[in-house]
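# Geometric and topological summary
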Amino acid sequence: MNYIFISPNFPEAFYKIAVALKNRGVTVLGIGDAPYDDLKDELKDALTEYARVNDMSVYQHMLDTCGYYESKYGKSNQLFFFSNINSNITRRLFPFSFK
């Protein structure tokens, strides 16, 4: 089972979701604009992979990253986001991400 977590470091306490998913055997894949080294150690440990994009408001950047994850890990079962990225972008990514 694969979950894509957009901005897994925001809000700060939500890293616990990624930790809980990993503890249940889920492959947690992160996409965000924060440098990897700025993520909490617990979050780094919970993420199978993290891709940094320069601008999360650019649909093509997000789509390319989801495409990379799909080619490497298979289709995603869920797309999580709690950030302020453009809701139009996340709506467009939803059909791409679900089995």
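Residues numbered from 1 in each chain as written. Predicted model: local features only at pLDDT ≥ 70, side-chain atom pairs only at ≥ 80, totals over all residues. Heavy atoms only, no water.

## So, unusual backbone geometry
A cis amide bond links Phe10 with the next residue in sequence, Pro11, at an omega value of -20°. Secondary-structure assignment places Pro11 in the loop between strand E1 (2–6) and helix H1 (15–23). A positive phi angle, close to 55°, is found at Ser7, a residue other than glycine. Here Ser7 lies in the loop between E1 and H1. The class of Ser7 is buried, set by a relative accessible area of 4%. (Helix = DSSP H or I, 4+ residues; strand = E, 2+ residues; numbered from the N terminus. Buried < 20%, exposed > 50% of the residue type's maximum accessible area, 1.4 Å probe, protein only.)

## Structural notes on the pairing of strand E3 (residues 49–52)
Relative to E3, strand E2 (residues 27–32) runs parallel, the two sharing 4 bridges. Bridge pairing in E3 places Gly32 opposite Arg52. (Pairing = 2+ DSSP bridges.)

## As for helix H3 (residues 59–73)
In a regular helix each residue adds 1.5 Å, so 15 residues correspond to 21 Å; H3 covers 21 Å between its end C-alpha atoms and thus fits that length. Taken residue by residue, H3 has Tyr59, Met62, Thr65, Cys66 and Tyr69 as its buried positions. Axial view of H3: buried residues confined to an arc of 135°, hence all on one face. (Expected span 1.5 Å × (residues − 1). Arc of directions from axis to C-beta.)

## Digging into H1
All buried positions along H1 are accounted for by Tyr15, Ala18 and Leu21. The arc that holds every buried residue of H1, seen down its axis, measures 120°, which confines them to one face. Exposed residues on H1 whose side chains face more than 90 degrees from its buried face are Lys16 and Asn23. Backbone geometry just downstream of H1 places Gly25 in the positive-phi region, at approximately 85°.

## Comments concerning the pattern of salt bridges
Evaluation of the coordinates by the stated rule reveals 4 salt bridges. Among the ionic pairs, Lys72 bridges to Glu49, the shortest N-O distance being 3.2 Å. In this pair, Lys72 sits in helix H3 while Glu49 sits in strand E3, placing the two residues 23 residues apart along the sequence. The exposure class assigned to Lys72 is partly exposed, which follows from its relative accessible area of 48%. Among the residues examined, Glu49 registers a relative accessible area of 17% and is labelled buried. Here Lys75 ties to Glu70 by a salt bridge, and the two come within 3.7 Å at their closest N and O atoms. For Lys75, a relative accessible area of 32% corresponds to the partly exposed category. Classification of Glu70 by relative accessible area gives partly exposed; the value is 28%. (Salt bridge = Lys/Arg side-chain N within 4 Å of Asp/Glu carboxyl O.)

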